[in-house]
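Residue-level structural notes
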Amino acid sequence: MGMATVVSLGLVCALGLALGRSGVRHRIAAAGCAVALLLPLALSFSRGAWIATAVTCAAQLLLAGARRALAVGAAAVAAGVVLIAGFGVGTAMLQERVDSITRVTDAPTSR
């Protein structure tokens, strides 16, 4: 959990810097860092970290501008369609993760 939290915070900060008003080189470097942090976040297998990071990054994009958020969202959906539907990358694992997210409410743990 600690690693997922640190990686999530790093990704959110890198995205904030990439969306900022600094020089082009700094924004490209920050965007590269954000993309590089996606792999460790995916390997953490922490659904909560994934969801929280996605919501926070979406909020950052919306605050940076609606047009930019719409363009990034469209690119993300297109990439997802190509990777999952076109190449079949991780379809079984993705389906298992989505099912496990929805199963949490079906059988709550008793304490």
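A few points on the structure. Small disclaimer: the values here were computed from a predicted structure and weren't measured. (Residues numbered from 1 in each chain as written. Predicted model: local features only at pLDDT ≥ 70, side-chain atom pairs only at ≥ 80, totals over all residues. Heavy atoms only, no water.)

Looking only at helices and strands, the chain features six helices and zero strands. Going residue by residue from the N terminus, the α and β elements of the chain occur as α-α-α-α-α-α. Relative to its 111 residues, the chain shows a buried fraction of 19%. Total accessible area on the chain stands at roughly 8,000 Å², and carbon and sulfur atoms take up 72% of it. (Helix = DSSP H or I, 4+ residues; strand = E, 2+ residues; numbered from the N terminus. Buried < 20%, exposed > 50% of the residue type's maximum accessible area, 1.4 Å probe, protein only. Areas by Shrake-Rupley, 256 points an atom, 1.4 Å probe, with all protein chains shown as cover.)

Take the nonpolar core next. The biggest cluster of nonpolar side chains holds seven residues, and these are Leu11, Val12, Leu15, Leu19, Cys57, Leu61 and Ala69. Mapped onto this core, the elements with two or more residues apiece are helix H1 (2-18) and helix H4 (47-64). Counting residues per element, this core draws most heavily on H1, at three residues. Each residue touching leucine 61, except ones within four places of it in the same chain, is listed here: Leu19, Arg68, Ala69 and Val72. (Core = buried A, V, L, I, M, F, W, Y, C linked by side-chain atoms within 4.5 Å. Contact = heavy atoms within 4.5 Å.)

Attention now goes to the side chain of serine 8. Mapped onto the elements of the fold, serine 8 is located in helix H1. Classification of serine 8 by relative accessible area gives buried; the value is 9%. Within the local environment of serine 8, its side chain forms a polar contact with the backbone oxygen of alanine 4, the two atoms lying 2.8 Å apart. Filtering out sequence-adjacent residues up to four positions away, serine 8 remains in contact with Leu41, Ala49 and Thr53. (Polar contact = N/O pair within 3.5 Å; in protein donor to acceptor, adjacent residues only side chain to side chain.)

What follows covers the packing of H1 against helix H2 (residues 24-36). Working note: a packed helix pair is described by the angle between its axes plus the distance between those axes. The geometry of H1 relative to H2 is characterised by a closest axis approach of 8 Å and an angle of 155 degrees between their N-to-C directions. For the element pair H1 / H2, the angle class is roughly antiparallel. Handedness of the H1/H2 crossing: left-handed. Contacts between H1 and H2 involve Leu11, Ala14, Leu15, Leu17 and Ala18 from the former and Arg27, Ala30, Ala31, Cys33 and Ala34 from the latter. In terms of residue class, the contact of H1 with H2 is made up of nine nonpolar, no polar and one charged. (Axes fitted to C-alpha atoms, helices over the stretch in contact; angles between N-to-C directions. Parallel < 35°, antiparallel > 145°, perpendicular 65-115°, else oblique. Left-handed = near helix turned anticlockwise from the far one by under 90°. Nonpolar A, V, L, I, M, F, W, Y, C, P; charged D, E, K, R; others polar.)

By the secondary structure assignment, alanine 30 is in helix H2. The sequence separation of alanine 30 and leucine 11 amounts to 19 residues, and the corresponding C-alpha distance is 9.2 Å. Excluding its chain neighbours within four sequence positions, the residues that come into contact with alanine 30 are Ala14, Leu17 and Ala18.

This brings us to H1. Over its 17 residues, H1 extends 24 Å from the first C-alpha to the last, a length consistent with the 24 Å expected when each residue adds 1.5 Å. For H1, the set of buried residues is Ala4, Val7, Ser8, Leu11, Val12, Ala14, Leu15 and Ala18. Seen end-on, H1 carries its buried residues on one side only, within an arc spanning 165 degrees. Those residues of H1 that are exposed and aimed more than 90 degrees away from the buried face are Val6, Leu9, Cys13 and Leu17. Along its buried surface, H1 packs onto H2, helix H3 (38-43) and H4. (Expected span 1.5 Å × (residues − 1). Arc of directions from axis to C-beta.)

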